[in-house]
Amino acid sequence: MGAVGVLGWLLPLLLQAVPRAAGTGSGAQGQPRISAGAPGEVTGRGGRGSTPGRAAELGQGHGPEAGSCPHPAPPGARPCSPKYFGRDAVVCVCNATYCDTLDPVVLPAPGTYVKYESSKAGKRLERSEGSFQRSLRAPGLLLTLNVSALYQHVKGFGGSLSDAAALNILGLSRPANLLRSYFSESGIEYNLVRLPMACSDFSVRPYSYDDVPHDYELKHFRLAEEDVKMKIPLLHRASAMSRRPLSLYASPWTSPAWMKSNGDVRGKGTLKGQAGDKYHKTWANYFIKFLDEYAKHNVTFWAVTAQNEPLAALLASPQFPTVVFTATQQRDFIVRDLGPALARSPHRTRLIVLDDHRIHLPRWAKVVLGNATAARYVTGVGVHWYLDGIVPASCSLEATHKLFPDHFLLYTEACSGFLALRFSVSLGCWERGDRYSHSILTVLNHFVAGWTDWNLALDLEGGPNWVKNYVDSPIIVDSSKDVFYKQPMFYHLGHFSKFIPEGSRRVGLHSSRRCLMCQLEHVAVLRPDGALVLVVLNRSAGRGDAGGCSAPAVPTCSAPLAPRFGWDVPFGIQDPAVGFIETVAPANSIQTYLWHRP
């Protein structure tokens, strides 16, 4: 994570900007497979027990909804075991014997829909059912879907298997429980996994795969123990429990020290020489050797990014592992070295450029993709979320899509807590999950194809991280108790990842009026199986709620947000082929609606 590089001159701006990003509007056998009480609703219920549990699967908190007919929790689904870290700061606890889970998604009968809801009040992907109506009894705000207006295809959602994440997962007595929470049908069904190529800051040491000086033929290239003993076994386990093919992509933080201008994997430095020379060709072949060595372990990669945060490196701390590239340097490296190396290799691995903040768009894309040769080698543009509040999505993401519609946009990194003044990990903080959903909704509505979180799991400090660049994660592991905590961020991500599979397409969604006094955000998607998904986020707070997490004896949110004046928002949903849904989005909630079209 390269956000540490902006600590100086952008700190005051980021503290305001990041929480409010721009508005929404093939391989061998065994390898990971790449590739609230509305009319007519019935709501699941279940207890809010205090028994700690761990992750055999994903969670849903159950509770009867006012005006609905309660019935037992669906077979197999298990409710959240809550633990409170202050008012409204709730995590779901998982241990070796218990973890909240979800049932596999089953499309409802024609004329009916299912709704999943999470809320600051404690719901966690709570399932309910309802029927479409012929008309609305109380016409007001109406969201109308238009499936004839088709936009970008969705690649998917996921997280990153850093060294730190792998260490934390393997620190549990039953790592499979946590993996199931992310990858299985009883979890939130991630399909994207990003891996650092050698070390990142979220490692316990700086290292590369070839530290022998002047080894231009890479005869001494070797994967590290972190790959062979931790990440590769975990990838195989995740793939085995996933119903969906996993798409893996890798990102380099640093080259070996002898290739860098500063002679160290740490700190600011460029590749020695210039594009086309022995250093650049060796660095390009380093990518191929990485793919070769992983393939020997039956792991193949859908894509690689050319460099993690190539410009944020200029502002990084002296200890941060990085290599600096300008857009021009990256273009020339791709044209003369990396592009041809990938094309000659036996790997069908795509190439993603930028992998940095969207403040560099669309200029970075113009420089790289404006070159016809580079554009032929490149498939997409990677984006990090850290400076989203500085430039609107329309001026960066949408502008890039309009210029280069044949190249996908993919969010490749995001996390909370990276500029926290008091603490990085904020257990149970609803607002951090809210910001995740706000970001996802925003970028999906501006032609982004998917969204990847940073570390899959971290410890209570937000690490390990050898440069002490601690951050938060959707899952926090307390290995001393052999438990892990699923945070609100985890469930917010699940509202997208579980219900919007790869190959889905965003469709038209029209709001009958603009709700000036509420903060309702939404996106509609058509799945490959013909079902429709609508995700609705209500960011407005309830009466007396300042919008931040309280901070009693334990850390929660880094700072209270400005008060949000809001309330429950009644609205309607119209699918012209099916009918109407009359429903309510409670304050501080996210909902996912799913139904099948005739």
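Quick caveat, the model's predicted, so the values are computed rather than measured.

**Q** I would appreciate a short explanation of the overall build of the protein in the present structure.
**A** Secondary structure summary: the protein contains 11 helices and 23 strands in total. Residues counted as buried form 64% of the 598 residues belonging to the protein. For the protein, the accessible surface area stands at approximately 20400 Å², while carbon and sulfur atoms represent 55% of it.

**Q** Would you mind going over the state of the cysteines with me for this structure?
**A** Linking two cysteines covalently via their sulfur atoms produces the bond known as a disulfide. Tallying each qualifying case throughout the model produces two disulfides. The partner cysteine of Cys 80 in its disulfide is Cys 92, sulfur to sulfur 2.1 Å. Where Cys 80 bonds to Cys 92 through sulfur, the torsion about that S-S bond is close to -110°, and the disulfide is left-handed. With Cys 80 in the loop between strand S1 (42-43) and strand S2 (82-84) and Cys 92 in strand S3 (residues 90-94), this residue pair connects regions lying 12 residues apart in the sequence. By the burial criterion, Cys 80 is buried, and Cys 92 matches it. Through a disulfide, Cys 94 is tied to Cys 99; the S-S separation comes to 2.0 Å. Because the sign of the S-S torsion sets the handedness, a value of about 55° for the bond joining Cys 94 and Cys 99 places this disulfide among the right-handed ones. Across the pair, exposure class does not vary: Cys 94 and Cys 99 are buried alike.

**Q** Even after reading the chapter, I still don't get the side chain of Glu 521, so can you show me in this structure?
**A** Note that Glu 521 resides in strand S19 (residues 520-526). Buried within the structure, Glu 521 lacks any salt-bridge partner; its nearest side chain of opposite charge belongs to Arg 539, at an N-O separation of 4.1 Å. Within the local environment of Glu 521, its side chain forms a polar contact with the side chain of His 438, the two groups lying 2.8 Å apart.

**Q** Sorry if this is basic, but what is going on with the confidence of the model for the protein here?
**A** Close inspection of predicted coordinates is inappropriate for parts of the model with low pLDDT. With 82% of its residues at a pLDDT of at least 70, the protein reaches an overall mean of 86. Predicted confidence is poor over residues 3-74, with pLDDT under 50, and the contacts of this stretch with residues over four places away or in other chains come to 264 contacts. Ignoring residues within four places in sequence, the model shows residues 542-564, a span with pLDDT below 50, making 61 contacts including any to other chains.

**Q** So what exactly am I meant to see when it comes to the environment of Phe 290 here?
**A** Assignment of secondary structure puts Phe 290 in helix H5 (residues 278-296). According to the relative accessible area criterion, Phe 290 is buried, its value standing at 0%. Put simply, Phe 290 and Ala 250 are 40 residues apart on the chain and 9.4 Å apart in space, counted from C-alpha to C-alpha. Once you skip the residues sitting within four places of it in the chain, Phe 290 turns out to touch Met 197, Tyr 209, Phe 221, Leu 223, Ala 250 and Phe 301.

**Q** Help me understand unusual backbone geometry in this model?
**A** Residues apart from glycine generally show negative phi values, whereas peptide bonds are mostly found in trans. Note the cis peptide between Leu 361 and Pro 362, where omega equals 5°. Its place among the elements puts Pro 362 in the loop between strand S11 (350-357) and helix H7 (363-369). Not every positive phi belongs to a glycine, and Leu 354 is a case in point at roughly 70°. Mapped onto the secondary structure, Leu 354 falls in strand S11. With a relative accessible area of 1%, Leu 354 lands in the buried category.

**Q** Sorry if this is basic, but what is going on with the environment of Arg 597 here?
**A** Here Arg 597 lies in the segment after strand S23 (589-596). The exposure class assigned to Arg 597 is partly exposed, which follows from its relative accessible area of 21%. Separated by 22 residues in the primary sequence, Arg 597 and Asp 575 have C-alpha atoms spaced 8.6 Å apart. The contact partners of Arg 597, leaving out residues within four places of it in the chain, are Val 147, Gly 530, Leu 532, Asp 575, Ala 577 and Val 578. Polar side-chain contacts of Arg 597 include one of 2.8 Å to the side chain of Asp 575.

**Q** Would you mind showing me how to read the sheet that holds strand S13 (residues 408-413) here?
**A** The strands making up a sheet are joined through hydrogen bonds of the backbone, oriented either antiparallel or parallel. Taken together, eight strands build a closed barrel; the order of strands is S7-S8-S9-S10-S11-S12-S13-S14 and the barrel is parallel. The mean inter-strand angle of the sheet, taken between neighbouring strand axes irrespective of direction, is 25°. Across six bridges, the pairing between strand S8 (residues 192-197) and strand S9 (residues 247-252) is parallel. In the sheet register, Pro 196 faces S9, and the bridge partner there is Ser 251.

**Q** I keep staring at the pairing of strand S20 (residues 531-538) and nothing clicks. Help me out?
**A** Looking along a regular strand, one sees the side chains alternate between the two faces of the sheet. Judged by how many residues are buried, S20 sits mostly within the fold: eight of eight residues are covered. Side-chain alternation along S20 places Ala 531, Val 533, Val 535 and Leu 537 on one buried face and Leu 532, Leu 534, Val 536 and Asn 538 on a second face that is also buried. Sheet topology places S19 next to S20; seven bridges connect them, and they run antiparallel. Looking across to S20, one finds that His 522 is bridged to Val 536. Between S19 and S20, which pair antiparallel one after the other, the connecting turn spans four residues, and Gly 530 there sits at a positive phi close to 90°. Two strands pair when backbone bridges link them, and S20 and S23 are joined in this way by eight bridges, in the antiparallel orientation. Paired with Asn 538 across the two strands is Ser 589, which belongs to S23.

**Q** Just to check I follow, could you spell out the nonpolar core for this structure?
**A** The nonpolar side chains of a soluble globular protein tend to be buried with one another. The biggest cluster of nonpolar side chains holds 136 residues, and the ones touching the most others in it are Leu 161, Phe 183, Tyr 209, Phe 290 and Trp 451. With eight residues, the top contributor of residues to this core is H5. With sequence-adjacent residues up to four places away left out, Trp 451 is seen in contact with Gly 156, Phe 157, Gly 158, Trp 385, Leu 410, Tyr 411, Ala 414, Tyr 436, Ser 439, Ile 440, Val 443 and Leu 493. Grouped together as the second largest cluster of nonpolar side chains are 19 residues, Leu 145, Ala 524, Val 536 and Tyr 593 included.

**Q** Where do I start with the side chain of Ser 497 in this structure?
**A** On the secondary structure map, Ser 497 appears in helix H11 (residues 488-497). With near-sequence residues (within four places) excluded, Ser 497 lies in contact with Phe 157, Ile 188, Glu 189, Tyr 190 and Arg 244.

**Q** Is there a simple way to explain the packing of aromatic side chains in this structure?
**A** Two measures describe an aromatic ring pair: the distance that separates the ring centres and the angle between the ring planes. Applying the stated criterion across every chain, the model contains 34 aromatic pairs. Here Arg 506 stacks its cationic end above the ring of Tyr 151, 4.2 Å away from the centre of that ring. A cation over a ring is seen here: Arg 506 above Phe 447, with NZ or CZ 5.1 Å from the ring centre.

**Q** What exactly am I supposed to notice about the pattern of salt bridges here?
**A** Side-chain pairs of opposite charge can arise where the charged atoms are in close proximity. The final tally for this structure, using the stated rule, is 30 salt bridges. Close ionic contact of Lys 486 with Asp 100 constitutes a salt bridge, the shortest N to O distance being 3.4 Å. On the criterion of sequence distance, the pair formed by Lys 486 in strand S17 (residues 483-486) and Asp 100 in the loop between S3 and strand S4 (112-119) is long-range, its members being 386 residues apart. Where Asp 575 meets Arg 597, a salt bridge forms, and the shortest distance between an N and an O atom there is 2.8 Å.

How each quantity is defined
- Residue numbers run consecutively from 1 along every chain, following the written order of its sequence.
- Reporting in this predicted model follows two pLDDT cut-offs: at least 70 for local features of residues, and 80 or more for side-chain atom pairs to be given and counted; totals over whole chains, interfaces and linings ignore these cut-offs and use all residues.
- Side-chain numbers here rest on the full set of heavy atoms in the structure, without hydrogens or water.
- Note on conventions: DSSP H or I runs of at least 4 residues are helices, E runs of at least 2 residues are strands, and numbering of each starts at the N terminus.
- Burial classification: accessible surface area is computed with a 1.4 Å probe over protein chains only, and a residue below 20% of its type maximum counts as buried, one above 50% as exposed, and the rest as partly exposed.
- For accessible areas, the Shrake-Rupley method is used with a probe of radius 1.4 Å. Any residue's cover is judged against the shown protein chains and nothing else.
- Cysteine sulfur atoms that come within 2.5 Å of each other are treated as a disulfide pair.
- His is not counted, nor are the chain ends; Lys and Arg add positive charge and Asp and Glu add negative charge.
- The salt bridge definition used is simple: a Lys or Arg side-chain nitrogen within 4 Å of an Asp or Glu carboxyl oxygen.
- Each polar contact in these results corresponds to two N or O atoms within 3.5 Å; when the atoms are within protein, one needs to be able to donate a hydrogen and the other to accept it, and residues that are neighboring in sequence are counted only if both atoms are side-chain atoms.
- Residue-level confidence of the predictor is summarised by pLDDT, bounded by 0 at the bottom and 100 at the top.
- Every residue pair with non-hydrogen atoms within 4.5 Å of one another is taken to be in contact.
- Here the rule is simple: two strands pair whenever DSSP picks up at least two bridges between them.
- What counts as an axis is a line fitted to C-alpha atoms, over the stretch in contact for a helix, and the angles between N-to-C directions run from 0 to 180 degrees.
- Only buried residues count toward a nonpolar core. Its members are Ala, Val, Leu, Ile, Met, Phe, Trp, Tyr and Cys residues joined through side-chain atoms within 4.5 Å.
- In this analysis, rings of Phe, Tyr and Trp, with Trp reduced to its six-membered ring, are considered paired at centre separations within 6.5 Å, and the interplanar angle assigns stacked below 30 degrees, edge-to-face beyond 60, and tilted for intermediate values.
- As a reminder, the over-ring test applies to NZ of lysine and CZ of arginine, requiring each to be within 6 Å of the ring centre and within 35 degrees of the ring normal.

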